[in-house]
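# A look at the structure
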Amino acid sequence: MLDFIRCVIWKIVGRARLAPYTEIRYALRVTRNDKPDAMKKSVSNLLIVFLPLFLFSCASDLPVDNARFVNPFIGTAAHGHTFPGALVPFGMVQLSPDNGQSEWDWCSGYNYSDSIIVGFSHKHLSGTGIGDLADILIQPTTSNLEKNEYHGGQVFHKRFKSIFSHQEEAASPGYYKVILRDALTRKNPIEVELTATERTGFHRYQYPDGSNMNVMLDLGYAINWDRPVNTLIRVINDTLITGYRLSQGWANNQQVYFAAAFSKPMTGYKLLESGLDNPGLKTIGGIFTEAIFSFGNKGGELMVKVALSPVDEKGAVNNLIAENPGWKFDEVKKAARLAWNRELAKVQAESENVDLKETFYTALYHTMIAPALFSDADGRYRGSDTARTVKKAENWKNYTVYSLWDTFRAANPLFSLTQPERLPDFIKAMLAHYDESGLLPVWTLEGCETNCMIGYHAIPVIVDAAFKGIAFDYEKAFEAMKKSAMDDGRGLKNYRTYGYLPADLENQSVSQTLEYAYDDWCIAQMAKKLGKEDDYKYFMIRSQNYRNVFDPVTHFMRGRMSDGSWRQDFNPLYSSHEIHDFTEGNSWQYTWFVPQDPQDLISLMGGKEKFLSRLDSLFNTTEKVQGANASPDISGMVGQYAQGNEPSHHVAYLYNIAGEPAKTQEIIHRICTTLYTNKPDGLCGNEDCGEMSGWYVFSAMGFFPMNPADGIYQIGTPSFNKLILSLPGGKTFTVKTENLNDKNFYIQSVSLNGKLLDRMYITHQEIVAGGEMVITMK
């Protein structure tokens, strides 16, 4: 019955796809009025009025439950670096368990190999290779803090750590559940359930009968690079606290404000700074502030709602009121799942292979965690300028966590098909960053520029969106692109002077040259679109700078000195993490990065035959990477091809360009079936904010943007018998695969809307026009 009412209300309020859970939950709260008689009367009236009108359409409008195929534990083991907690699509809050480790495989705060939970923090990164966030750590506990017990700041949370078992743990989109047990006695089980709205996390705890009901809050808790610099806890009354956590780390000036509400009045509390008790105070500040809140000793249920804001405590309180005013945990949980199902329903994949569907829909799920919302319900956010000035997004939403070096390749192009309604705001957020900081974003985290990785890869994302008809200010975008490209920082002065980055003057010189050249090609295309002929010619010349680091003797990209000579002792297998000519890779992996002109790369290598021979060697040579400090990011090896890291992601599709599509199909099938699974270790490298999964989603659908900004998708080999993409305006694009099985992964023929294709690509415009592509396998 409630699902039916949700459908009716959703129709009435205009199908608010971006935040259906807020409107639905509030509407239900008003309808039910928490009075049985009133509820019966309201429901009866609704049935009389709306049942004849909506019964049939509700059956079709409620999305299919593709959330049942999502396994948030995929990627939490080994080097995937994902987290299993609760969030809604692109939400500000990522509420998830923390193991209390600060090692590389705990960059998300959680690794499947662990058995300890020290608490549940409200912000997490999905699949990054650097750890940060884990802000506002809360832990339910039956332990009491003894008088004058000292815990020394950052180790405070360890006093209240719990053990858990994966047999008593579960996760699904928008929901996480675990049983916590005392780390020493293995007794006193506390059931923890988590769900979320866009800006709030919702906890529900069930304490054992007759036990202490305590909640630990640790603002000093930090992982990896992160360190608190100023924190505060403020007790407003016996059910509400507020505060903030300011920190420096990967994000050099992060500011998180919070408001936490309790479903029961507290019976007592202790506020501590660096482990020292401060009796009588209602506000405590310092670097390591902590608290214990008590709610009696009878056990039972306690709920906690935590709202976040990047602006101030008032913003957090307002977000709590706007999004999560009641105490109906199950309704919020259902609304979160509904929000996920609306997104997951945009791609309807048909197969009897449940493992395959779990791998696919979890990958699609992982593409919708970042970017993360970064503006309050009233539109306010903190700018990217040094002063972190408060700004306001008028009629749009701001976002952060732009892992652009990773996501420009597949995850961002995927948004043009799965998130066309959000994509304008994603671009506006980049342009707002330009307004505030003077340059386009490189890798933004909580509104801070980290300058992590190389290139200026906001540019291909913006250009791709422009050529696909996404609306934003094109002239302003071009101004931002040109200014970023003409800046003197990040090696660009030497790049312009020499036509490449000299290896004796710049670190990661070859990778930087190749990626700047691609970005320059993107700028040239935008200039041409806007009629800027001089800019078009200039940046087209720069886009050929890859030629300056191509060695015609070895046929490899390699380091070149400022005097024009090649770096000596060249070894294409050699890697040195962050301290050599290549970024997280070697020459074998980077030689192929000329997506803007693969035909010219073929010519440089001596023609198709020699190009194909070298490409074959890539996939068949040794998997060993040489070097004492070889990058750990080089993983998921097929020969020297590294699926576990982004520079390789387009390479298998180069066989299409060279006239050997069957080899593309063979390699793609091998990668999809051996390097992606539905197990916790089902990712062969860091998830990197959706890029590893974005590659898989595209490739499983049967096509991929080899050049991420030219609107052309190379056809690979599909994984599903039938797949339907839902498009704006009620259109659909169907990929139907005939004669598909485990052995038949080679393509015999392709037709589009009944006409045989004599090419191995399809354009974005052909997809969004709607229709059907039929692929016959052999």
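Residues numbered from 1 in each chain as written. Predicted model: local features only at pLDDT ≥ 70, side-chain atom pairs only at ≥ 80, totals over all residues. Heavy atoms only, no water.

The secondary structure content of the protein chain amounts to 21 helices and 38 strands. For 778 residues, the compact-globule estimate of 2.2 N^0.38 gives 28 Å, and the C-alpha radius of gyration of the protein chain, at 27 Å, lies within 12% of that figure. With the C-alpha coordinates of the protein chain rotated into their principal frame, the extents come out at 80 × 65 × 50 Å. Taken across its 778 residues, the protein chain has 64% of its residues classed as buried. Restricting to contacts in the protein chain with at least 6 residues of sequence separation, those with at least 24 account for 69%. For the protein chain, the accessible surface area stands at approximately 27600 Å², while carbon and sulfur atoms represent 50% of it. The average position of the 77 basic charges and that of the 88 acidic charges among the side chains of the protein chain differ by 5 Å. (Helix = DSSP H or I, 4+ residues; strand = E, 2+ residues; numbered from the N terminus. Rg over C-alpha atoms; globule rule 2.2 N^0.38 Å. Buried < 20%, exposed > 50% of the residue type's maximum accessible area, 1.4 Å probe, protein only. Contact = heavy atoms within 4.5 Å. Areas by Shrake-Rupley, 256 points an atom, 1.4 Å probe, with all protein chains shown as cover. Lys, Arg positive; Asp, Glu negative; His and termini not counted. Charge placed at Lys NZ, Arg CZ, Asp CG, Glu CD.)

Our next topic: the packing of helix H6 (residues 354-366) against helix H20 (residues 691-701). As a packed pair, H6 and H20 sit with axes 8 Å apart at the nearest point and diverge in direction by 130°. One way to sum up the angle between H6 and H20 is to call them oblique. Of the two elements, H6 crosses H20, and the hand of that crossing is left-handed. Residues Leu356, Thr359, Phe360, Ala363, Leu364 and His366 of H6 form the contact with H20, whose own contacting residues are Ser693, Tyr696, Val697, Ala700 and Met701. (Axes fitted to C-alpha atoms, helices over the stretch in contact; angles between N-to-C directions. Parallel < 35°, antiparallel > 145°, perpendicular 65-115°, else oblique. Left-handed = near helix turned anticlockwise from the far one by under 90°.)

Glancing now at unusual backbone geometry. In this chain, Ala370 is followed by Pro371 through a cis amide linkage whose omega measures 0°. Within the secondary structure, Pro371 sits in the loop between H6 and strand E20 (372-373). The phi dihedral of Asn224 is positive, around 50°, even though this residue is not glycine. You can see Asn224 is positioned in the loop between strand E10 (214-218) and strand E11 (227-237). A relative accessible area of 15% places Asn224 in the buried class.

The strand order E31-E32-E37 describes an open sheet built from three strands, whose pairing is antiparallel. This sheet does not close on itself; its edge strands, each paired only once, are strand E31 (703-704) and strand E37 (761-763). The pairing of strand E32 (residues 712-715) with E37 spans three bridges and is classified as antiparallel. What sits directly across from Tyr713, in E37, is Ile762. (Pairing = 2+ DSSP bridges.)

Here we come to the sheet that holds strand E34 (residues 732-738). Reading across the sheet, the six strands line up as E19-E33-E34-E38-E35-E36 and stay open at both edges, with mixed pairing between neighbours. Since the sheet does not close on itself, it has two edges, and those belong to strand E19 (347-350) and strand E36 (755-756), each with one partner. Across two bridges, the pairing between strand E35 (residues 747-752) and E36 is antiparallel. Across the sheet, residue Leu752 finds its bridge partner in E36, namely Lys755.

A word on the pairing of strand E16 (residues 283-286). What you see with E16 is a clean split: Ile284 and Gly286 sit on the buried side and Thr283 and Gly285 on the side with no burial. Alignment of E11 against E16, held across four bridges, turns out to be antiparallel. Pairing of Leu232 across the sheet is with Gly285, part of E16.

Before going further, it helps to examine helix H8 (residues 411-418). Of all eight residues in H8, eight are buried; the element is thus mostly enclosed. Among all positions of H8, only Ala411, Asn412, Pro413, Leu414, Phe415, Ser416, Leu417 and Thr418 are buried.

With that out of the way, let us pick up the confidence of the model for the protein chain. The share of residues in the protein chain with pLDDT of 70 or more is 91%, and the mean pLDDT across the chain is 92. Note that residues 1-59 has pLDDT below 50 and, in this model, 75 contacts with residues that lie over four places away or in other chains. (pLDDT = per-residue confidence, 0-100.)

Here the structure, examined in full by the defined rule, presents 31 salt bridges. In this structure, Glu515 engages Arg409 in a salt bridge whose closest nitrogen and oxygen atoms are separated by 3.6 Å. Of the two residues, Glu515 is situated in helix H13 (residues 509-529) and Arg409 in the loop between helix H7 (404-407) and H8; the sequence distance between them amounts to 106 residues. The two residues Glu515 and Arg409 agree in class, both being buried. A cluster of three or more residues bridged by salt bridges with shared partners is formed by Glu198, Arg199, Glu323 and Lys397. (Salt bridge = Lys/Arg side-chain N within 4 Å of Asp/Glu carboxyl O.)

One way to put it is that helix H11 (residues 474-485) packs onto helix H14 (residues 533-542) with a least axis distance of 13 Å and a crossing angle of 45°. It follows from the interaxial angle that H11 and H14 lie oblique. Between H11 and H14 lies a crossing of left-handed hand. Residues Phe478, Lys482 and Ala485 of H11 form the contact with H14, whose own contacting residues are Asp535, Phe539 and Arg542. Taken together, the residues of the contact of H11 with H14 break down into three nonpolar, no polar and three charged. (Nonpolar A, V, L, I, M, F, W, Y, C, P; charged D, E, K, R; others polar.)

Once that is clear, we can look at the environment of Gly499. Turning to its location among the elements, Gly499 is positioned in the loop between helix H12 (492-498) and H13. Under the relative-accessibility criterion, Gly499 is labelled buried at 12%. Placed 45 residues apart in sequence, Gly499 and Gln544 show a C-alpha to C-alpha distance of 8.9 Å. Filtering out sequence-adjacent residues up to four positions away, Gly499 remains in contact with Asn494, Thr513, Asn545 and Asn548.

What follows deals with the side chain of Gln714. By the element assignment, Gln714 lies in strand E32. Polar side-chain contacts of Gln714 include one of 3.2 Å to the side chain of Asn656. What Gln714 contacts, discounting residues up to four positions off in sequence, is Tyr653, Asn656, Ile657, Gly702, Phe703, Phe704, Met706, Met760 and Tyr761. (Polar contact = N/O pair within 3.5 Å; in protein donor to acceptor, adjacent residues only side chain to side chain.)

In terms of strand pairing, E35 meets strand E38 (residues 771-777) through five bridges, oriented antiparallel. Note on E38: the bridge partner recorded for Val750 is Ile775.

Moving on, we get to helix H10 (residues 458-467). For an α-helix the count is 3.6 residues per turn, leaving residues at separations of three or four pointing the same way. Burial analysis of H10 places nine of its ten residues in the buried class, which makes it a mostly covered element. Those residues of H10 that sit buried are Ala458, Ile459, Pro460, Val461, Ile462, Val463, Asp464, Ala465 and Ala466. Against the buried residues of H10 lie H7, H8, helix H9 (423-437), H11 and H13. Looking one or two residues beyond H10, the residue adopting positive phi is Gly469, at roughly 85°.

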